[in-house]
Each structure stands twice: as structure tokens, then as C-alpha cells.
Amino acid sequence: MERKTKVVIVGGTGYLGQHLLQAFAGNNGRDRYDVAFTHHSTPLSRRLVDAFPHFLAFPVDLKSSLGLNSVTQGFGQPDVVVNCAALSVPRVCEQDPAAAMSINVPTSLVNWLSTIERNKTLLIHLSTDQVYEGVKSFYKEEDETVAVNVYGKSKVAAELLIKDKCQNFAILRSSIIFGPQTVSPLPKNLPIQWIDSSLKKGDTVEFFHDEFRCPIYVKDLVNINLNLIDRWAVSDDKQMQLVLNAGGPERLSRVEMAQAVAEVRGYDLSLIKHVSASSVDRGVVSPADISMDITKLIQTLEFSPTSFKDGVRLTLESD
């Protein structure tokens, strides 16, 4: 029988983590992968345990590294570790830079990986488009990373650590992730669902017209991870050092995102009020244009991204 690929998802109870678990649980995933996941700030819900009864769960504190050795002892050496864990709300990072650095720079995770057999484990690390300064359109991977807030700076530091200490890695600079709700619903507002519920009330809602991102449909990001995992599993030389912009195919403002939701739902477009990002104090500096060129992603992984409007349609149909 073919050996299964052993995968650990760090931050398995978060938004992307849960969608990855769903993918591994479906499509005969259990025949191909052994999966474990870690959790910390989110306690395990009964719904999550019931949905993924065959996946091992490990409590882990990334600040102190407590629990990581239990993963090795209880699950064995992973072939791939996907790091989804992060303090990802920029305003919260700005208020507590020490916490942002201790969680978002995965020092304990990298140190743990260095204690197990080198060369055999791939680290897939979720980074962000906020590593870019935001002063031009369609950043390429080789462009300089000049973050303008604590969140972005913590992610730049994480990338530098991984490039310095890890032999094999894939860094995914993700934009805004959108898509259906998770198996165990998260307390935070999801982007499309929030726009939909706001416009549904029939009141005028303000959206920024001068900040640009390349939002990515969550199932595309899941497929990018699966593609990398499968490539690693079949490679003979076990060498990978990749940095990829992981965004959707379109450069969009918040206004354009809201217009797409309104068009799919049939809402009145006049409800969308155009405002400048500078008119709102969010307690954090936000880069103006961190749209990304995803040519390398498409060519390297032979990947076909979902358009924003199709992703919105799929999201609203699922929910």
C-alpha cells in the first residue's frame, strides 16, 4: 500500500485551517494523507471534533513552543507543515507589537523543525500582501518588502527567519481570503458575508474607493496548498524554496468588491457610498495599493484562479 503523506496544519481551527481540514476529509483525502492539526486560542468545538474525527488534535502554544514535541511523539515526523497560525488583525497587532512578533514570527516552530530529520519536511508558511509598501500596483515577488504597519513588519520578519533557517519552504503571500463559513463558525466577520448583510438592510454603506487588493477565494488557496503538498510528496530530490504571491486575478477596491456582491444579489448599487480610506481612523496605517502580480503562481503551479464574482457567487450559494 502506498505510504500516506503526513501533514500537520498549525492553526487548524482558524479560517484557512478549517477549510484545509475539510479538503483533507473529502475526496478520498483520508486514503492519501495522515493529518494532524494544532490549536491554541480557539478551544475545540464539538462540531469541529465531530466533523474531523480521524484527525489528531494537539494543543500548542507557539509563543513558548509548549506542545510541539507532543506532535512528534503522538503523530511522528510530518512530511509537510502548513503554518496558518497568526495574529492577523492589523489594529490588534499595532496595539500589542510584542504579541504580534511572538506569534507571527514562527521561531518556536522553526526551532522544532530543526530538531527533526532535516531535508524531509516542507514548511508552507502563510504570509501576507501587507509585506509590500503599497505605493504601486501589481507587486512581484522580487520587489522589496517595506511594510508600513506592525502586522506587515512581523510577517516580513517571519519570511526572513524562514529563508535563513529552513532548508525547504514555500511562502505564500496571501491577500484578503474570502469564501464560505467554516464547519465550526468563527466569531469574526467574513468579508463577503459582511458586505451582503450590510447591503441587505437597504441602508447606505461606506466603502473605500482608494485601497486596492487582490482577494483570493479560499478554495483556490486550499488548492494551492494541496498542489504544493502533492509536488513535495512525489519529488525525489526533496528541494523547494519558493515565494509566491497568492492573490486572486483582479485588482479591486472595497467599492468594487461591494459592487460585485450587489450585482450577484440584485441590490441597489446606489447604496454603496464611495469614501477615501483617509477619512476613517482605523488605528493603524494601511497600505494603499498592495495588488499583486500572480504570474509566477499561475505558471509554477499551472493554476487557474477563480474570478472574484464567481467566488462571490459560490460563497453566497454555500452560505
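Here the structure is a predicted model, which means the values were calculated and not measured.

J.: Explain the side chain of lysine 238 to me, and be specific about the residues and the numbers.
T.: Among the secondary structure elements, lysine 238 is positioned in the loop between helix H10 (218-234) and strand E11 (241-246). In this structure lysine 238 is buried but unpaired, with aspartate 236 as the nearest side chain of opposite charge at 6.5 Å. In terms of polar contacts, lysine 238 uses its side chain to reach the backbone carbonyl oxygen of tryptophan 232, at 2.7 Å. Apart from the residues within four sequence positions on either side, lysine 238 is in contact with Asn119, Asn168, Trp232 and Ala233.

J.: Requested: an account of H10, with residues and values cited.
T.: Compared with an ideal rise of 1.5 Å per residue, which puts 17 residues at 24 Å, H10 spans 25 Å between its outermost C-alpha atoms and is within 8% of the ideal. Restricting attention to buried positions, one finds in H10 the residues Val218, Asp220, Leu221, Val222, Ile224, Asn225, Leu226, Leu228, Ile229 and Trp232.

J.: Residues and numbers for the pattern of salt bridges, please.
T.: Across all of its chains, the model carries 15 salt bridges by this definition. In this structure, arginine 282 and glutamate 211 form a salt bridge, with 2.5 Å as the shortest nitrogen-oxygen distance. Highlighted residues: arginine 282 in the loop between strand E13 (272-275) and helix H12 (295-301) and glutamate 211 in the loop between strand E8 (205-208) and strand E9 (212-213), separated in sequence by 71 residues. Look at arginine 282 and you get partly exposed, because its relative accessible area is 26%. According to the relative accessible area criterion, glutamate 211 is buried, its value standing at 6%. Among the salt bridges present, the one from arginine 313 reaches aspartate 310, with a minimum N-O distance of 2.9 Å. Remark: aspartate 310 and arginine 313 occur in helix H13 (residues 308-318); sequence separation between them is three residues, near one turn of the helix. Given the relative accessible area of 34%, arginine 313 is considered partly exposed.

J.: Could you give an account of the sheet that holds strand E5 (residues 122-128), with specific residues and numbers?
T.: To summarise the sheet geometry, strands pair through backbone hydrogen bonds and adopt either a parallel or an antiparallel arrangement. With parallel pairing, seven strands are arranged side by side in an open sheet as E3-E2-E1-E4-E5-E6-E11. Because the sheet does not close on itself, it has two edges, and the strands there are strand E3 (56-59) and E11. Strand-to-strand twist in this sheet, taken as the mean axis angle between neighbours without regard to direction, amounts to 20 degrees. In the sheet, strand E1 (residues 5-10) pairs with strand E4 (residues 80-83) via four bridges, with the strands oriented parallel. Looking at the pairing, valine 10 lines up with asparagine 83 of E4. Contacting E1, strand E2 (33-39), E4 and E5, helix H1 (residues 15-25) crosses the sheet at an angle of about 155 degrees to E1. Contacting E1, E4 and E5, helix H7 (residues 107-115) runs over the sheet at an angle of about 175 degrees to E4.

J.: If you had to explain the packing of aromatic side chains to someone new, which residues and values would you point to?
T.: Counting across every chain of the model gives six aromatic pairs. Both rings, one in phenylalanine 24 and one in tyrosine 33, keep their centres 4.8 Å apart while their planes meet at 70 degrees; by these two values the pair is edge-to-face. Here the aromatic rings of phenylalanine 52 and phenylalanine 55 are separated by 5.7 Å at their centres, their planes lie at 10 degrees, and the arrangement is stacked. Phenylalanine 55 matches phenylalanine 52 in its accessibility class, with the two residues each being buried. An aromatic cluster of three or more residues is present, and its members are Phe178, Tyr217 and Phe308. Note that lysine 6 overlies the ring of phenylalanine 75, its terminal NZ or CZ placed 4.1 Å from the centroid.

J.: So what about the side chain of threonine 38? Which residues, and what values?
T.: Here threonine 38 is to be found in strand E2. Assessed through its relative accessible area of 4%, threonine 38 is described here as buried. Reaching out from threonine 38, the side chain makes a polar contact with the backbone nitrogen of glycine 11 at a distance of 3.1 Å. Ignoring anything within four residues of it in the chain, the contact list for threonine 38 reads Val8, Ile9, Val10, Gly11, Gly12, Thr13, Phe58, Val60 and Val71.

J.: Give me the lowdown on the layout of surface pockets, citing residues and values where you can.
T.: Here the second largest pocket defines a volume of roughly 310 Å³. Around the second largest pocket, the lining is made up of 13 residues, and of these Glu2, Arg3, Thr5, Arg32 and Ala233 lie nearest the centre. When residues of the lining of the second largest pocket are traced back to their parent elements, those giving at least two are helix H2 (29-32) and H10. Of all the elements, H10 adds the most residues to the lining of the second largest pocket, at four residues. Looking at side-chain class alone, the lining of the second largest pocket contains four nonpolar, one polar and eight charged residues.

J.: Give me the lowdown on the nonpolar core, citing residues and values where you can.
T.: With 40 residues, the main nonpolar core has Ile9, Phe24, Val82, Ile124, Leu172, Ile224 and Leu228 as its most contacted residues. Counting residues per element, this core draws most heavily on H10, at eight residues. Grouped together as the second largest cluster of nonpolar side chains are 24 residues, Leu62, Leu109, Val110 and Trp112 included.

J.: Explain helix H4 (residues 68-75) residue by residue, including any values.
T.: The complete set of buried residues in H4 reads Leu68, Val71 and Phe75. One side of H4 carries all its buried residues, which in axial view fall inside an arc of 50 degrees. The secondary structure elements touched by the buried residues of H4 are E1, E2, E3 and H7. At the exit of H4 stands glycine 76, carrying a positive phi of roughly 100 degrees.

Conventions we followed
Residues numbered from 1 in each chain as written. Predicted model: local features only at pLDDT ≥ 70, side-chain atom pairs only at ≥ 80, totals over all residues. Heavy atoms only, no water. Helix = DSSP H or I, 4+ residues; strand = E, 2+ residues; numbered from the N terminus. Buried < 20%, exposed > 50% of the residue type's maximum accessible area, 1.4 Å probe, protein only. Lys, Arg positive; Asp, Glu negative; His and termini not counted. Salt bridge = Lys/Arg side-chain N within 4 Å of Asp/Glu carboxyl O. Polar contact = N/O pair within 3.5 Å; in protein donor to acceptor, adjacent residues only side chain to side chain. Contact = heavy atoms within 4.5 Å. Expected span 1.5 Å × (residues − 1). Pairing = 2+ DSSP bridges. Axes fitted to C-alpha atoms, helices over the stretch in contact; angles between N-to-C directions. Phe/Tyr/Trp six-rings, centres within 6.5 Å; stacked < 30°, edge-to-face > 60°. Lys NZ or Arg CZ within 6 Å of the ring centre and 35° of its normal. 1 Å grid on protein atoms, 1.4 Å probe; cavity = no way out; pocket = protein on both sides within 12 Å on 5 of 7 lines; lining within 4 Å. Points joined across faces, edges and corners; volume = space filled by probe spheres on them. Nonpolar A, V, L, I, M, F, W, Y, C, P; charged D, E, K, R; others polar. Core = buried A, V, L, I, M, F, W, Y, C linked by side-chain atoms within 4.5 Å. Arc of directions from axis to C-beta.

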